[in-house]
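Residues per chain, in single letters:
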Amino acid sequence: MKIKIKPNPNPVKDADRERFVAEPGFGKYFTDHMLVAEWNQNSGWNDAELKSYGPISLDPAAMVFHYGQEIFEGMKAYRQPDGSVALFRPDANGARFMRSAARVALPELPVADFVNCVEELVKLESKWVPSKIGESLYLRPFMIATEVGLGVRPSNKAMFSIIATPAGAYFNAEKAVTVWISTEYVRAAQGGTGEAKCGGNYAASLLAQQEAAKQGCDQVVWLDAIERRWVEEMGGMNLYFVRGQGKDATIFTPKLTGTLLPGITRDSILSVAKDLGYKTEEGMISIEEWRDGVASGEISEIFACGTAAVIAPVGTAKSAKGTWITGDGSPGKITMQIRNHLLGIQHGTIADKHGWMRKVC
Ligand SMILES: *Cc1c(COP(=O)(O)O)cnc(C)c1O
């Protein structure tokens, strides 16, 4: 896939961009350009274009509006100490994008093309990459079904696009989030789309998120669909439990059963925790084990992880069955150690021994 560049004739003024990059928030300001590539069943992928950021014009009968064929990714470019810019594991995002596409019958985009498109956008927008620890340029690749017509079948046309937004710290890591354990709603069931990063999963999650807010909680925790007992994820993030304390601690995460989204942060933490000398384990944890573990002190820390927030400490958990508090409700030591280590690798201040960083410009 070749990429044609059509520079934006009216980019954001330097002073405004500098102001946005200094106080980025999350998903508030978008860069000057976006990437767009079209696919159709007969000729495959056309050349991509990097052009001015702006509205997309679609026929109201475009299939994405009716049957929700949409997938996306979330990834970040980080400023390095020498001023260069590097992506974190972009090939892993590309591989997951392929799997998500296959699950919702969208066309597969080769990983090399995916990574190349992301890199070219980052190169063009390098001035938009913030430099403080925890800040980044957040990239949002996505794909939608664009065939016009109301027949229910896989679209024979699709559009791939990438937009970029400077991002500050998503959650305040100083304060643990409170969670509502939902037994009423489920995120995913075996055979469904839980493993795919598709917009529909998020649509299905919003009501439970509203319920969590009504219960005075920041986030919802998802349980398995059958027994409503086994802990899966928190909102759009994976979960970790620290069992034991200090050097003997085991870093535990729910295993990928087919209903969890295989997070790249989750996967990276399994390696980082081992590098730091901890034992790691993937398995099943029930809500009773969560309750009893925090009551006895065996579970000493809980955190959630994902690209946007990196790591967010989890404190109080509420459910229809009661309220359980982990530790003193503030972020744990091991949580913060893993968070700082991962952020150090991403920002180039800690050696990247797994070859995760890909320098772009
Ligand atoms: C994106 C996502 C995650 C986190 O994945 P990362 O690759 O670590 O960003 C976890 N759960 C859900 C439901 C997600 O959509």
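Residues numbered from 1 in each chain as written. Predicted model: local features only at pLDDT ≥ 70, side-chain atom pairs only at ≥ 80, totals over all residues. Heavy atoms only, no water.

Brief notes about the pattern of salt bridges
Selection rule: Salt bridge, as applied in this entry: a Lys or Arg side-chain nitrogen positioned within 4 Å of an Asp or Glu carboxyl oxygen. Note on conventions: DSSP H or I runs of at least 4 residues are helices, E runs of at least 2 residues are strands, and numbering of each starts at the N terminus. Each residue is placed in one exposure class: buried if its accessible area under a 1.4 Å probe, protein chains only, is under 20% of its type's maximum, exposed if it is over 50%, and partly exposed if it falls in between.
Across all of its chains, the model carries 17 salt bridges by this definition. Residue arginine 358 is joined to glutamate 119 by a salt bridge in which the shortest nitrogen-to-oxygen separation is 2.5 Å. With arginine 358 in strand E19 (residues 357-359) and glutamate 119 in helix H4 (residues 111-124), this residue pair connects regions lying 239 residues apart in the sequence. The exposure class assigned to glutamate 119 is buried, which follows from its relative accessible area of 10%. Within the structure, one salt-bridge network assembled from shared partners comprises Asp14, Arg17 and Glu18.

Focus: the pairing of strand E17 (residues 310-319)
Along any regular strand the residues' side chains alternate between the sheet's two faces. In plain terms, the rule: Any two strands between which DSSP finds at least two bridges are classified as paired.
Counting buried positions along E17 gives nine out of ten residues, so the element sits mostly inside the fold. Connecting strand E16 (residues 299-306) to the antiparallel partner E17 that follows it, the hairpin turn spans three residues. Judged from the three bridges that link them, E17 and strand E18 (residues 322-324) form a sheet pairing that is antiparallel. Opposite alanine 317, over in E18, you have tryptophan 324 as the bridge partner.

A few points about a nonpolar patch on the surface
For clarity, the threshold we go by: Only residues whose relative accessible area exceeds 30% and that form no salt bridge are eligible for patches; like-charged ones are grouped when within 9 Å, while nonpolar side chains (Val, Leu, Ile, Met, Phe, Trp, Tyr) are grouped when within 5 Å. Calculation of accessible area relied on Shrake-Rupley with a 1.4 Å probe; when residues are assessed, cover is drawn exclusively from the protein chains displayed.
Together, Tyr67, Leu150 and Val152 make up an exposed nonpolar region whose accessible area comes to about 330 Å². Structurally, tyrosine 67 can be placed in helix H2 (residues 64-67).

Brief notes about the side chain of arginine 187
How we decide: Contacts described as polar in this section are N or O atom pairs within 3.5 Å, which, within protein, must combine one atom able to donate a hydrogen with one able to accept it, while residues neighboring in sequence count only if both atoms come from side chains. Pairs of residues are marked as contacts when any of their non-hydrogen atoms sit within 4.5 Å.
When you line up the elements, arginine 187 lands in the loop between strand E10 (177-181) and helix H5 (199-214). A relative accessible area of 13% means that arginine 187 is categorised as buried. Within the structure, arginine 187 has its side chain in polar contact with the backbone oxygen of threonine 259 (distance 3.0 Å). Ignoring anything within four residues of it in the chain, the contact list for arginine 187 reads Gly194, Asn201, Trp222, Glu233, Gly235, Thr259, Leu260 and Leu261.

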